[in-house]
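These are the residues of each chain, in order.
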Amino acid sequence: MNSIISLISKKAVALLCVITAAMCLVSCSHGSDTLDISMYDLSKAMLASSDKFGDMSYASSDDSDKEKLFKNVSDMDYSKVDKFFISYATDGSKNADEIVVIQLKSNDDVSAAKDSLNKHLEYRKSLYATYMPSQSSKLLKAKVIAYSNIVCLIVADDVGSAEDAFYKICKQ
């Protein structure tokens with residue numbers, strides 16, 4: 001009888017070890033398919049993709065007031081953001097060009113980030129429709145795209161070139 005109890009106990013311990021190992025693998029693999037890219041390099045590649053970008057300013061998660069800057073383009077919870085950059089027309093009264101890239105900590109937040117950038121885009125469309133209708137066509141061509149845990153808004157005359165540069169850097 002003791003040998004049967006001992007055998008059952010050994011099998012139970014072995015089963016618990018297998019279950020524990022499987023749980024560790026699942027929890028450790030969460031987020032392993034996220035990317036980590038240089039925001040600076042990505043911004044440079046996207047801006048260099050077209051000669052149609054005007055004078056652009058740059059803000060990013062490296063700035064001391066990063067959360068305040070981020071709130072200008074997204075209402076998303078900043079704790080979900082790994083890093084970001086914003087390239088925007090230095091003189092927004094003459095040009096609506098803007099690139100926003102958000103690298104998220106988790107792929108689970110991609111949909112929320114896309115929603116927040118679409119909301120920002122809709123606000124800009126209404127603003128420029130009222131104050132600078134000549135830029136409205138650019139805003140109508142704008143795109144919100146994503147690759148892995150990275151979400152991007154592109155407002156430009158040549159959205160396609162900037163989009164190609166985005167995917168090229170992300171897929172490296």
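Remember, it's a predicted structure, so these values are computed and weren't measured experimentally.

K.L.:
Would you take a moment to explain the pairing of strand E2 (residues 81–89) for this structure?
P.N.:
The two faces of a sheet get side chains in turn, since along a regular strand they alternate between them. For strand E1 (residues 56–60) and E2, the ladder comprises 5 bridges, and the chain directions are antiparallel. Its bridge partner being in E2, Ser60 is matched across the sheet by Phe85. As paired strands, E2 and strand E3 (residues 98–104) are joined by 7 bridges and run antiparallel to one another. Residue Phe85 lies in a different strand from E3, and its bridge partner there is Val101.

K.L.:
Would you mind showing me how to read the side chain of Gln103 here?
P.N.:
Positionally, Gln103 belongs in strand E3. Within the structure, the side chain of Gln103 is placed 3.3 Å from the backbone oxygen of Leu35, a separation counted as a polar contact. Only 3.0 Å separates the side chain of Gln103 from the backbone nitrogen of Ile37, close enough to count as a polar contact. Residues in contact with Gln103, not counting those within four places in the same chain, are Leu35, Asp36, Ile37, Met39, Val81, Asp82, Lys83, Asn149 and Ile150.

K.L.:
Would you explain the packing of helix H2 (residues 39–48) against helix H6 (residues 159–170) in this entry?
P.N.:
Running from amino to carboxyl end, H2 crosses H6 at an angle of 145°, the nearest separation of the two axes being 8 Å. Handedness of the H2/H6 crossing: right-handed. Contact residues: H2 offers Leu42, Ala45 and Met46, while H6 offers Ala162, Ala165, Phe166 and Ile169. Taken together, the residues of the contact of H2 with H6 sort by class into 7 nonpolar, no polar and no charged.

K.L.:
How do you make sense of the pairing of strand E4 (residues 143–147) when you look at a structure like this?
P.N.:
Direction of pairing for E4 relative to strand E5 (residues 150–155): antiparallel, over a ladder of 5 bridges. Bridge pairing links Tyr147 to Ile150 in E5. Between the antiparallel neighbours E4 and E5 lie 2 residues, among them Ser148 with a positive phi of about 55°.

K.L.:
How do you make sense of the packing of aromatic side chains when you look at a structure like this?
P.N.:
Where two aromatic rings form a pair, the distance of their centres and the angle of their planes describe that pair. All chains considered together, the criterion is met by 7 aromatic pairs. Their ring planes at 75° and their centres at 6.2 Å tell us that Tyr147 and Tyr167 sit as a pair that is edge-to-face. Of the two residues, Tyr147 is situated in strand E4 and Tyr167 in helix H6; the sequence distance between them amounts to 20 residues. Residue Tyr147 is classed as partly exposed on the basis of its relative accessible area of 29%. Take Tyr167: its relative accessible area is 22%, and that puts it in the partly exposed class. Ring geometry for Phe166 against Tyr167: centres 5.2 Å apart, planes inclined by 70°, an arrangement best described as edge-to-face. By relative accessible area, Phe166 is classed as buried at 0%.

K.L.:
Any chance you could explain the environment of Ile102 here in plain terms?
P.N.:
Topologically, Ile102 is positioned in strand E3. When sequence neighbours within four positions are dropped, the list of residues in contact with Ile102 reads Phe70, Val81, Lys83, Phe84, Leu117, Asn149, Ile150 and Val151.

K.L.:
Could you clarify how one ought to interpret the pattern of salt bridges in this entry?
P.N.:
Any two side chains of opposite charge can pair, on the condition that their charged atoms come close. With the rule as written, the count across this model stands at 9 salt bridges. For Asp91, the salt bridge is made with Lys94, and the minimal N-O distance between the two is 3.7 Å. Residue Lys94 is classed as exposed on the basis of its relative accessible area of 60%. One salt bridge in this structure joins Glu98 and Arg124, with 2.7 Å as the shortest N-O distance. Within this pair, whereas Glu98 is found in strand E3, its partner Arg124 is found in helix H4 (residues 110–131), the two being separated by 26 residues in sequence. One salt-bridge network, held together by shared partners, links Asp97, Lys138 and Asp157.

Parameters at a glance
- Residues numbered from 1 in each chain as written.
- Predicted model: local features only at pLDDT ≥ 70, side-chain atom pairs only at ≥ 80, totals over all residues.
- Heavy atoms only, no water.
- Pairing = 2+ DSSP bridges.
- Helix = DSSP H or I, 4+ residues; strand = E, 2+ residues; numbered from the N terminus.
- Polar contact = N/O pair within 3.5 Å; in protein donor to acceptor, adjacent residues only side chain to side chain.
- Contact = heavy atoms within 4.5 Å.
- Axes fitted to C-alpha atoms, helices over the stretch in contact; angles between N-to-C directions.
- Left-handed = near helix turned anticlockwise from the far one by under 90°.
- Nonpolar A, V, L, I, M, F, W, Y, C, P; charged D, E, K, R; others polar.
- Phe/Tyr/Trp six-rings, centres within 6.5 Å; stacked < 30°, edge-to-face > 60°.
- Buried < 20%, exposed > 50% of the residue type's maximum accessible area, 1.4 Å probe, protein only.
- Salt bridge = Lys/Arg side-chain N within 4 Å of Asp/Glu carboxyl O.

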